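An overview of the molecular structure
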Amino acid sequence: MKTYFLLLSLFLMLACNTNSSNEEGEHKDEDIVLTKEEQIIKTYNDAVLPLFRGYTSVDIPTEFVIDENDLGVNAGAAFGYVEISQGLVNLPKVNVQIFALSHEVAHIVTIPQAKIFDLEGSVPKGIKTNDYKKAEYLADLIAIYLIKTNEPKRFDTLFLNFPYLQNLFGNGTFTHPSGLERIEALNNFLEKAKLQGDDKAFKTSFIGIWQMD
């Protein structure tokens, strides 16, 4: 059974509520008035949507679909809506929820971002790394870049959760790199950022993934 929520109307109802997370990225006790479903939608409105405000040519999803029967940690996004699992709703780590949601929206803005970097067409297939895996690396990169540059304190907490994320990502599949590979790619970007700055490191990392063999 799937539950549908309209984010904009819910946002108006929740706007007067207190902040959704503390410094450790966990839900505050005072937010207990909200259901977990309402809380993650508020988090999406408050913390995820603003990250993508620079992508003015893209319609960022404003509707939520929750698959109540899926207790795994899963999510997906399309033009118009985001679909997430009940497992992601139940996850107690807000910053991990934000990364997961940002990753899904990042899939939608990947091609517009590529055009900004003068990269044409769709994500190319590599000899060793197929286009599906490249798309995952790129969505991870966009998400972590936007969080790091817009919400540095939230990024600091998320960075501490990299081992948790690596375990959550699990083993690699035909369409997804392994958790180890994904975290290594994120750490490579962060090392470049120390030397080049966030913006240049984002561009060089993005192009590097796009052109990966």
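Located above this text is the structure these notes cover.
Conventions adopted
- Residues numbered from 1 in each chain as written.
- Predicted model: local features only at pLDDT ≥ 70, side-chain atom pairs only at ≥ 80, totals over all residues.
- Heavy atoms only, no water.
- Axes fitted to C-alpha atoms, helices over the stretch in contact; angles between N-to-C directions.
- Helix = DSSP H or I, 4+ residues; strand = E, 2+ residues; numbered from the N terminus.
- Contact = heavy atoms within 4.5 Å.
- Nonpolar A, V, L, I, M, F, W, Y, C, P; charged D, E, K, R; others polar.
- Phe/Tyr/Trp six-rings, centres within 6.5 Å; stacked < 30°, edge-to-face > 60°.
- Buried < 20%, exposed > 50% of the residue type's maximum accessible area, 1.4 Å probe, protein only.

On to the packing of helix H7 (residues 162–169) against helix H8 (residues 179–196). Orientation of H7 relative to H8, taken along the N-to-C sense of each, is 145°, at an axis distance of 7 Å. For the pair H7 and H8, contact is made by Phe162, Leu165, Gln166 and Phe169 and by Gly179, Leu180, Arg182, Ile183, Leu186, Asn187 and Leu190, respectively. Residue composition of the contact of H7 with H8, grouped by class: seven nonpolar, three polar and one charged.

This model, assessed by the stated rule, comprises 11 aromatic pairs. With a centroid separation of 5.2 Å and an interplanar angle of 65°, the aromatic rings of Tyr44 and Phe64 are classed as edge-to-face. Of this pair, Tyr44 sits in helix H2 (residues 36–48) while Phe64 sits in strand S2 (residues 63–67), and the two are 20 residues apart along the sequence. Taking the centre distance of 6.1 Å and the plane angle of 35° together, the rings of Phe155 and Phe159 count as tilted. In this pair, Phe155 and Phe159 both sit in helix H6 (residues 152–160), four residues apart, roughly one turn of the helix. The exposure class assigned to Phe155 is buried, which follows from its relative accessible area of 8%. Joined through ring pairs, the aromatic side chains of Phe117, Tyr145, Phe202, Phe206 and Trp210 make up one cluster.

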